[in-house]
Amino acid sequence: GASKWDIREKVWDYLEASGLAEFPRPVHRRIPNFKGSHQACCSVKELDAFNRAREIKVDPDKPLEGVRLAALQARKTLLVPTPRLRTGLFNKIVPPSGATKEILRICATSQGIKEYSVPVGLDGKARVDLVVVGSVAVSEKGWRIGKGEGYADMEYAMMVSMGAVQADTPVITIVHDCQVVDIAEELLDDHDLTVDYILTPTRTIKTDCKRPKPQGIIWHKVSYEMLGKIPILKTLRYREKQAGKDVTLQDEHSDLANADTPAALNEKAMAENTRPQAAVGSAQIGQHDVESDSLNPRLEGSGMITTVYVGNIPPSVRVSELKCALREFHATPLRLNWQGAQHRAFLDYKDKATAESAVSSLKGLSLGGNTLRVELAKNQRNKGQVEINSQK
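Since the structure is predicted, the reported quantities are computational estimates derived from the model, not experimental observations.

### Details of the sheet that holds strand β8 (residues 171–174)
- Pairing within the open sheet is mixed, and its eight strands lie in the order β4-β3-β2-β1-β5-β8-β9-β10. Since the sheet does not close on itself, it has two edges, and those belong to β4 (117–120) and β10 (204–206), each with one partner. Across the sheet, the axes of successive neighbouring strands diverge by a mean angle of 25°, strand direction being ignored.
- In this structure, strand β1 (residues 55–58) lies alongside strand β5 (residues 130–133), joined through three bridges in parallel fashion. The partner of V58 across the bridge, within β5, is V132.
- Strands β1, β2 (77–81), β3 (90–93), β5 and β8 of the sheet are contacted by helix α4 (residues 65–73), whose axis makes an angle of about 150° with β2.

### Some thoughts on the pattern of salt bridges
- By the definition in use, this model includes 19 salt bridges.
- As a salt-bridge pair, R203 and E140 come within 3.2 Å of each other at their nearest N and O atoms. Here R203, found in the loop between β9 (197–199) and β10, pairs with E140, found in the loop between β6 (137–138) and β7 (144–145); they are 63 residues apart in sequence, far enough to count as distant.
- Relative accessible area serves as the criterion here: at 34%, R203 is assigned to the partly exposed category.
- Between K221 and D190 there is a salt bridge, with the nearest N and O atoms lying 2.7 Å from each other. Placement of the pair is K221 in the loop between β10 and α8 (224–229) and D190 in the loop between β8 and β9, with a sequence separation of 31 residues.
- You can call K221 partly exposed: its relative accessible area is 26%.

### Remarks on the side chain of R144
- Residue position: R144 is located in strand β7.
- R144 sits in the buried class, given a relative accessible area of 6%.
- A polar contact is formed between the side chain of R144 and the backbone oxygen of G134, at a distance of 2.8 Å.
- Within the structure, the side chain of R144 is placed 3.3 Å from the side chain of S135, a separation counted as a polar contact.
- With sequence-adjacent residues up to four places away left out, R144 is seen in contact with V133, G134, S135, A137, V138, A152, D153, L188, L193 and V195.

Rules and cut-offs
- One numbering rule holds for all chains: residues counted from 1, following each sequence as written.
- Local features in this predicted model are restricted to residues of pLDDT 70 or higher, and side-chain atom pairs are both shown and tallied only at a pLDDT of 80 or more, whereas totals for entire chains, interfaces and linings draw on every residue.
- Excluded from the side-chain calculations are hydrogens and water; all other atoms, namely the structure's heavy atoms, are used.
- Two strands are said to pair when DSSP picks up at least two bridges between them.
- Only DSSP runs of H or I covering at least 4 residues are called helices, and only runs of E covering at least 2 are called strands; the numbering of each starts at the N terminus.
- Only the contacting stretch of a helix is used when fitting its axis, a line to C-alpha atoms as for every element, and angles between N-to-C directions run 0 to 180 degrees.
- Here, two residues are considered to be in contact whenever any of their heavy atoms come within 4.5 Å of each other.
- A pair is scored as a salt bridge if a Lys or Arg side-chain nitrogen falls within 4 Å of a carboxyl oxygen belonging to Asp or Glu.
- With a 1.4 Å probe rolled over the protein chains alone, any residue whose accessible area is under 20% of its type maximum counts as buried; one over 50% counts as exposed, and the rest are partly exposed.
- Definition of a polar contact: a pair of N or O atoms within 3.5 Å, with one able to donate and the other able to accept a hydrogen when the atoms are protein atoms, and with sequence-neighbouring residues admitted only if both atoms are side-chain atoms.

Now the structure itself:
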């Protein structure tokens, strides 16, 4: 039988060959835009699921522009995924007060998403009443095929993980009639998102899909590489691990089979290094409250130490929470200089490579509702000392 990729190629080829494809072209490897997409989007206004919804998440694809506009015109809260999930999960489109029809039209476009959106943190308490996704192909039974990168499936799983959607939150897709095709059920995986409504230029199809939607992030299908590309995943994984869930990654299964692998030994070394043997003292530097946690004082004079700045720490976060996160993300420093009153901390690492690795690991980490600012400290000094006023 045809594979998912065969079905995608067939749909893309047909849209281009039949003259139905619209900008951006070619439609291959995209969620395709098509003639009549605006008409299909307009029929969303006739759905109870749309009219009842207060907060709607719509993918940023071109053929869904009409739904984004309809949501803004109806004064609903419009959320769009952060591009490629690099910096978070959602951005909220916030039109300027007194926005004209023309401004709302711009807000619904990719340009508007850049100009008029603000990020929504993991603790932004999003409650999504309706999800609108793009598709390359979909069946009348509600089985969907995207463009193959897995972002829509992952976005939905992340929304489940953060409590933003419920099992009965409706999912809509907008396609051309030619994109409604037969899809063999054996092609579907347990992470694949299904849809409840299909809107085309000529029809509204209620799928009555009985197949359950993803119940959350399936960690054993997530790789370290994906964790690196989507920083917010690290925060969700950390939270779920704290809640006692199994968050073993795809790449970790082979590590677990052999407890003496380098990765496992590295974990052991990390655990040894983070035992609470450190002397914790409190000192006054001007008006700054500083907690200096020196895990290996003998290294202070090596002159190789590189310091990492961590900023945007909320007042509610304690040093113990930061330490716990540092261990979890394999970024335990030699020494931690906590400046909670200034919402920041400085982390000393043995060399620049280790510090840069820590910055990469911690990128996108959210604590207490804030995404932390993590970067190499600007004013590096010998023996790892950092000029306190170098960070503003």
